[in-house]
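Given next are the chains, with one letter for each unit.
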Amino acid sequence: DEDYERITIIAPPGKLGIVIDNPSGNIPFVHAIKETSVLHGQVHVGDLVLAVDEADCRGMHSMSVSRLISKRSGSARTLKLLRNSSC
């Protein structure tokens, strides 16, 4: 969809300081970002989380996505996001 922009972010090792939610069960999204987050300014509230590294996150429970991110916290992770560019 032309209103959405695909974004790839390389997240450094360690905690990211973002909160994921997925109440609809469709595509998880960034619900909150701590001010101290290493991704502050790169990731926006409302960004849809399509994938972590090569793992497709569509339809995943928010806790599963959070576990996937933290399980790989020993190294950099690639986050594939979809951002509503009309906001």
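J.: Explain the overall build of the chain to me, and be specific about the residues and the numbers.
T.: When helices and strands are counted, the chain shows one helix and six strands. When the helices and strands of the chain are listed from N to C terminus, the series reads β-β-β-β-β-α-β. Computed over its C-alpha atoms, the radius of gyration of the chain comes to 12 Å, within 12% of the 12 Å expected for a compact globule of 87 residues. Along the longest, intermediate and shortest principal axes, the C-alpha atoms of the chain span 35 × 25 × 20 Å. Within the span of the chain, comprising 87 residues, buried residues form 33% of the whole. Across the chain, every contact between residues at least 6 apart in sequence was considered, and the portion connecting residues at least 24 apart equals 59%. For the chain, the exposed surface amounts to about 5,200 Å²; the carbon and sulfur share of it is 51%.

J.: So, the pairing of strand 6 (residues 77-84): which residues are in play, and what are the values?
T.: As judged from the eight bridges shared by strand 1 (residues 4-11) and strand 6, these two strands associate in the antiparallel manner. Paired with E5 across the bridge in strand 6 is R83. Here strand 4 (residues 48-52) pairs with strand 6 via four bridges, running antiparallel. Its bridge partner being in strand 6, V49 is matched across the sheet by L81.

J.: An account of the environment of R6 is needed here, citing residue identities and associated values.
T.: Position of R6 relative to the elements: it lies in strand 1. For R6, a relative accessible area of 66% translates into the label exposed. R6 sits 74 residues away from K80 along the chain, and the two C-alpha atoms are 7.2 Å apart. Apart from residues lying up to four places away in sequence, R6 is in contact with L50, L81 and L82.

J.: Help me get a handle on helix 1 (residues 62-71), residues and values and all.
T.: Considered for burial, the residues of helix 1 that qualify are S62, V65, L68 and I69. Looking down the long axis of helix 1, one finds its buried residues gathered within 125° of arc, a one-sided arrangement. In the core, the buried residues of helix 1 are packed alongside strand 2 (18-21), strand 4, strand 5 (55-56) and strand 6.

Quick notes on the rules
- Numbering of residues starts from 1 in each chain and follows the order in which that chain's sequence is written.
- Residue-level local features of this predicted model are given only where pLDDT is at least 70; pairs of side-chain atoms are given and counted only at 80 or more, and the full residue set underlies all totals for whole chains, interfaces and linings.
- Excluding hydrogens and water, the side-chain values take into account all heavy atoms of the structure.
- Secondary structure counts use DSSP, requiring at least four H or I residues in a row for a helix and at least two E residues in a row for a strand, with both numbered from the N terminus.
- Atoms counted for the radius of gyration: C-alpha only. Globule rule: 2.2 Å times the number of residues to the power 0.38.
- Buried residues are those whose accessible area, probed at 1.4 Å on protein chains only, stays under 20% of the maximum for their type, while exposed residues exceed 50% and partly exposed ones sit between those limits.
- Only heavy atoms matter for contacts: two residues are in contact if any of them lie within 4.5 Å across the pair.
- The method behind every accessible area is Shrake-Rupley, applied with a 1.4 Å probe, and residues are considered shielded solely by the protein chains displayed.
- Two strands qualify as a pair provided that DSSP identifies no fewer than 2 bridges between them.
- When we speak of the arc, we mean the arc of directions from the helix axis to the C-beta atoms.

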